[in-house]
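An overview of the molecular structure
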There are 2 protein chains.
Amino acid sequence: MLLLAGGNSSSPNSLSQEEERIFQYIDGHQDEFVQNLAGWVAVESDSIQPHLRAEVTRMVKIAAASLQDLGASVMLRDTGIQQLPSGQNISLPPVILAKLGEDPLKPTVCFYGHVDVMPAKIQDGWKTSPYNLTEIDGNLFGRGTTDDKGPVLAWINAVKTFKALNIEIPVNIKFLIEGMEEAGSIGLEELVEKEKEHFFSDVNYIVISDNIWLSTTKPALTYGTRGNACFSVQVECGEKDLHSGSVGGIVHEAMSDLIALLDSLVNSCGHILVPGIYDDVAPLTEEEKKQYELIEFDLKEYKASIGVKEIIYDTKEEIFSHLWCLPSLSIHGIEGAFYEPGIKTVIPSRVIGKFSIRQVPHMDLSKMECQVKRYLERIFSKRKSSNKLTVSMEMGAKPWVANINDPQYEAAKKAIQKVFNQDPDMIRDGATIPIARMFQDITKKSVMMFPIGAADDGEHSQKEKISRFPCTTNFISVF
Amino acid sequence: MLLLAGGNSSSPNSLSQEEERIFQYIDGHQDEFVQNLAGWVAVESDSIQPHLRAEVTRMVKIAAASLQDLGASVMLRDTGIQQLPSGQNISLPPVILAKLGEDPLKPTVCFYGHVDVMPAKIQDGWKTSPYNLTEIDGNLFGRGTTDDKGPVLAWINAVKTFKALNIEIPVNIKFLIEGMEEAGSIGLEELVEKEKEHFFSDVNYIVISDNIWLSTTKPALTYGTRGNACFSVQVECGEKDLHSGSVGGIVHEAMSDLIALLDSLVNSCGHILVPGIYDDVAPLTEEEKKQYELIEFDLKEYKASIGVKEIIYDTKEEIFSHLWCLPSLSIHGIEGAFYEPGIKTVIPSRVIGKFSIRQVPHMDLSKMECQVKRYLERIFSKRKSSNKLTVSMEMGAKPWVANINDPQYEAAKKAIQKVFNQDPDMIRDGATIPIARMFQDITKKSVMMFPIGAADDGEHSQKEKISRFPCTTNFISVF
């Protein structure tokens, strides 16, 4: 395998002649690549808003055509229909399954990416028109630039370079490109399940380029994500909202019960108080501790980037272990209570607290669900309230972790070394990316997350961008 | 003084000949009185929605004309302008100051009522057209029937009866009728302050008919209301909302701080945990305990009416003392957190908890404000959170209590005895009616709340009504 990049080819690191040609080609065609990206960004392929579904399908077909131009054999797979909350049914966009090369002597890498985007409107606070790629100081602003049209095009551009230069690609490549990622990859899991003995049968490695580095300048490889279990705690005190003057003082109020339940979950340092919840947490290994030391991390810059004055921990080891290797619990809000500005002296009759737990290996989702429910029921029974409690886990996604000694991680590290003249940060993601775990569970293949965007790329935000250089990676690919 | 009523004159209680004539007149003119009420209800005098302000003013002028027809001298007092949240200024409706009789040998009673109403739309769930008075089984449904057009007309009808029968009214009467009550009586306090040495100088008694009985069948006199202090507790953890996956576990989350602060306020039985808060609470007197025993109160019916299965206390003494003589604390909700159905794995950056304390005599508002702030600041400092806390009291209205041995209470009791053949319930209101305290504080006159509506009249609801009989009181007045 070999990692190829443009943008900082001014400092190549003992490149072969072939590699030199590849770098030169990429540098020479950078503006063309950016123009292609502009064309993709111009398609409002928002998978969240159903009225834009036709644009998503159009975008998938544009991507399919680009793959055909590379010489890949491309299938568009129908994944059925989506039922909207309104009850209306609409078609899902097709999923691209493509392959290029069938040499049984070469390993097969399957790249995953998506060409749908989150909603974006200029009135959301964009300083540039979100569907009109705008370059400012080497940053290419627009919806989808980093999440995930830019990374998909990076892979296509890399293959195009090999083809143009008539250089043999050292691997067989497959592409799985979808258009429903931002809406939860509806229909994808069923497709992967159906294809595990077919499309995936000869795949050795799955590479996902759909996340970002930890740094704004140093590349990273991501080998784990936390899971997520979303809970709702409902307390009911009556049939209708009450007036706090008329009955305040003589009824068990749903809000005070709920507040006590939520307050029982976590202490002021974020330690989860549910008994047994840490029992199955995998201990931090010496290898990981060493990796943490190598990660480029500026605490001051990090705090500024997330907009907080202080964080609870000072050292990299404490910070990364709490973000990646330990569960966390966040309380998101309350449904059914007063939430507007101003005053409303109401006793809400039915309130639903929302919290979630990011779980880590080797916590078991259903065991944790039981622990949480049993604990909250015990806390509630101690209050001797006449109200009605209902705790439910609304959603559960498992954590994922890969073996960083796997050949594709070794290869990717070497490639990044060649292009960037430094080792990548070996990182996990505190957030949940269910797709990595899903691919691993169903296909049993080695999965790697290979981020192409930088820490400040602002996915989902009103200033989404990808950069040309110095931290550019939009013209990088792995073979 | 003498209380006069129609509707249940079938069981008069040793009436004089004059009283008999009055009862007969009222019974004979009941349909005319209902027609008048229908005309008033038809005016959409909603003081909340600024675009209906002209209707409020029109309604005030209709009421003024009715008073002029009685022979009263009527002034319409301008109270200036209201600044809307949009910055727009609109005129306040005038306030009616009227007087009838100036006999220095008679006491002077000032009646307070209002002719504006809460908003009402058929699509809010009304089963009858809210501005079209609709009679069903003796109940007169419509916005304003009980709050407060019906009670205002009751007083006017009573005077009209005396006039028609050429019977001398034993008191001088003044009327203060406003059109901004539902919007917080904007401008009224300033007017009362200006008029305390003029309009109010010869007033002996102020009677407010703008609340309801505790029972659906037994009249009541109200001699106290709780105050209300509304607090907001703001915790900020950063400049922008954060992702619970990306940073969950390493930041002090504003929500967990806020939840802990709110949880520190009150225990599961509603006992307020702020130190010192009960210090100045007036103890329950033996006289009040005895009064409680006389109150008609069906616990099962009460629970059904408020829609709860259980209340914390069993006895009338416990219930009334907790509703009327002890402070209560209710948590209303949280601004800035996730409140919608579904899931959002957000760490909100700035959350504002809203709670209020209904205070009772002789709690001091500013002392309580200090106690609450100091307590919450202490709880917060123990958490060693790096977040920013701001506690503020957004609104404070004082409690009010009258001396039930005051002559006007004695007179009202006797009158109710005469008409209903039973003593009224002597009640307080757990809710806050700042106007009683305001009149008392500024004018230093005796204030009585003389409810005319029954417990099931549904003020502010989609089934607001007033009844003809058996619990009718819309043709009652006190002189």
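Everything numeric here is computed off the predicted structure, so don't read it as measured data.

1. Topic: the confidence of the model for chain A
Residues and elements named next belong to chain A. Here chain A averages 92 in pLDDT, and 95% of its residues register 70 or above. Contacts for the low-pLDDT stretch residues 1–12, under 50 throughout, to residues beyond four places or in other chains number 43 contacts. Low pLDDT, under 50, characterises residues 470–479; the predicted model gives this stretch 59 contacts beyond four residues in sequence or across chains.

2. Comments concerning the packing of helix α2 (residues 30–41) of chain B against helix α4 (residues 149–165) of chain B
Residues and elements named next belong to chain B. Here α2 crosses α4 at 140°, and the two axes come no closer than 10 Å. By the criterion of interaxial angle, the relationship of α2 to α4 is oblique. Here the hand of the crossing between α2 and α4 comes out right-handed. When α2 is examined against α4, the residues E32, F33, N36, L37, W40 and V41 are found in contact with a partner set consisting of K149, G150, V152, L153, I156, N157, K160 and T161.

3. Some remarks on the side chain of T443 of chain B
All names here are of chain B. Examined against the element boundaries, T443 turns out to sit in helix α13 (residues 434–443). A distance of 2.6 Å separates the side chain of T443 from the backbone oxygen of F439, its partner in a polar contact. If we skip the residues at most four places from it in the chain, T443 touches V192, F200 and I206.

4. A few points about the packing of aromatic side chains
Across all of its chains, the model carries 25 aromatic pairs over all chains by this definition. Between W213 of chain A and F420 of chain A, the ring centres sit 6.0 Å apart and the planes meet at 90°, which makes this aromatic pair edge-to-face. Residue W213 of chain A is located in the loop between β10 (205–208) and β11 (220–225), and its partner F420 of chain A is located in helix α12 (residues 407–420); the two are separated by 207 residues in the primary sequence. Assigned by exposure class, W213 of chain A and F420 of chain A land together as buried. Note on F297 of chain B and F320 of chain B: the rings are 5.1 Å apart at their centroids and 75° apart in plane angle, and the pair reads as edge-to-face. With F297 of chain B in the loop between α8 (286–294) and α9 (299–306) and F320 of chain B in helix α10 (residues 316–325), this residue pair connects regions lying 23 residues apart in the sequence. In this structure F297 of chain B comes out as buried when scored by relative accessible area, which is 18%. Relative accessible area serves as the criterion here: at 1%, F320 of chain B is assigned to the buried category.

Definitions and cut-offs
Residues numbered from 1 in each chain as written. Chains lettered and ligands numbered in written order. Predicted model: local features only at pLDDT ≥ 70, side-chain atom pairs only at ≥ 80, totals over all residues. Heavy atoms only, no water. pLDDT = per-residue confidence, 0-100. Contact = heavy atoms within 4.5 Å. Axes fitted to C-alpha atoms, helices over the stretch in contact; angles between N-to-C directions. Helix = DSSP H or I, 4+ residues; strand = E, 2+ residues; numbered from the N terminus. Parallel < 35°, antiparallel > 145°, perpendicular 65-115°, else oblique. Left-handed = near helix turned anticlockwise from the far one by under 90°. Polar contact = N/O pair within 3.5 Å; in protein donor to acceptor, adjacent residues only side chain to side chain. Phe/Tyr/Trp six-rings, centres within 6.5 Å; stacked < 30°, edge-to-face > 60°. Buried < 20%, exposed > 50% of the residue type's maximum accessible area, 1.4 Å probe, protein only.

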